[in-house]
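Analysis of the macromolecular model
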Amino acid sequence: MSNSTVAKRYAQALFELAQEKNLLAEVGADLKELTKVLESSPGLLTLLEAPKFSIERKKQIVAEIFAGSTAEFLHTIQLLVEKKRINEVKHLAEAYVDLAAEAQGSAEATVYSTRALSAEESASISTAFAKRVGKQSLTITNEIDPSLLGGIRIQIGNHIYDSTVVSKLERLKRELIG
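To start, this report covers the structure provided alongside it. (Residues numbered from 1 in each chain as written. Predicted model: local features only at pLDDT ≥ 70, side-chain atom pairs only at ≥ 80, totals over all residues. Heavy atoms only, no water.)

What about the overall build of the protein chain?
Test applied: Helical segments are the DSSP runs of H or I of at least four residues, strand segments are the runs of E of at least two, and each set is numbered from the N terminus. The quantity called the radius of gyration is restricted to C-alpha atoms. Its globule counterpart is 2.2 Å times the number of residues to the power 0.38. Burial here depends on accessible area, computed with a 1.4 Å probe over protein chains only, as a share of the maximum for the residue type. Under 20% is buried, over 50% is exposed, and the range in between is partly exposed. Here, two residues are considered to be in contact whenever any of their heavy atoms come within 4.5 Å of each other. Method for areas: the Shrake-Rupley scheme with a 1.4 Å probe, in which residue coverage is limited to the protein chains shown. Asp and Glu count as negative and Lys and Arg as positive, but His and the ends of the chain are not part of the count. By convention, the charge on Lys lies at NZ, on Arg at CZ, on Asp at CG and on Glu at CD.
A tally of helices and strands in the protein chain yields eight helices and four strands. Order of helices (α) and strands (β) in the protein chain, N terminus to C terminus: α-α-α-α-α-α-β-α-β-β-β-α. Taking 16 Å as the expected radius of gyration for a compact globule of 178 residues, we find that the protein chain reaches 20 Å, considerably beyond that expectation. Overall, the protein chain is about 65 × 35 × 35 Å in size when its C-alpha atoms are taken along their principal axes. Every one of the 178 residues in the protein chain was classed for burial, and the buried ones make up 36%. Considering only intrachain contacts with a sequence separation of at least 6, the fraction spanning at least 24 residues in the protein chain is 62%. A total accessible area of about 10,800 Å² is found for the protein chain, and carbon and sulfur atoms account for 52% of it. Where the 22 positive side-chain charges of the protein chain centre and where its 23 negative ones centre are 4 Å apart.

Below is the structure:
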């Protein structure tokens, strides 16, 4: 069983529990916070995997750090610690976000541009491209990439829509050179 399969199973269970209790957004926010904590303090994951501390002590540490989070989130993280699968937590968070977005008719999109997009531009892109991928809306993350020279590149899952100046110049080059 691959790591991502395990994470997807835990994410599915957490998602169903959160959906049943109408806590999708709250659990999603807790998972986002956990991801931020792990990125800013990579030693925490090492600590939770270390055999030096008992499982009960590790669960207590998790409970102290995430005291303000939902009980469903906290129990899931403690279960991961207990089953020695805490290394799956990042994959679990990603899988949960995908499940929640799918349930809400939304998808994650990364828009690469030479400058920051305005709220209007983001909303316009969301509306236009959500229809193309069969969703109601897109949650847009804007990445600044000056090497594009102009235009935008949009990545929604496995779909890439590229209308950047760099790609247009590359196509023109291929046509002229052969």
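Brief notes about the sheet that holds strand β3 (residues 152-156)
Selection criterion: DSSP calls a pair of strands paired once it identifies at least 2 bridges connecting them. Every axis in this analysis is a line fitted to C-alpha atoms, fitted for helices over the stretch in contact. Angles between the N-to-C directions lie between 0 and 180 degrees.
In spatial order, the strands read β2-β1-β3-β4; together these four strands make up an open sheet with mixed pairing. Whereas interior strands pair on both sides, the edge strands pair on one side only; in this sheet they are β2 (137-144) and β4 (159-162). The sheet shows a mean angle of 20° between the axes of neighbouring strands, taken without regard to direction.

Describing helix α6 (residues 89-103)
Under the convention used in this document: Helix span is expected to be 1.5 Å times the residue number reduced by one.
Taking 1.5 Å per residue, 15 residues should reach 21 Å; α6 reaches 21 Å between its end C-alpha atoms and fits that length. If you check which residues of α6 are buried, you get Val89, Leu92, Ala93, Ala95, Tyr96, Ala100 and Ala101. With its phi angle positive at about 70°, Gly105 sits one or two positions after the end of α6.

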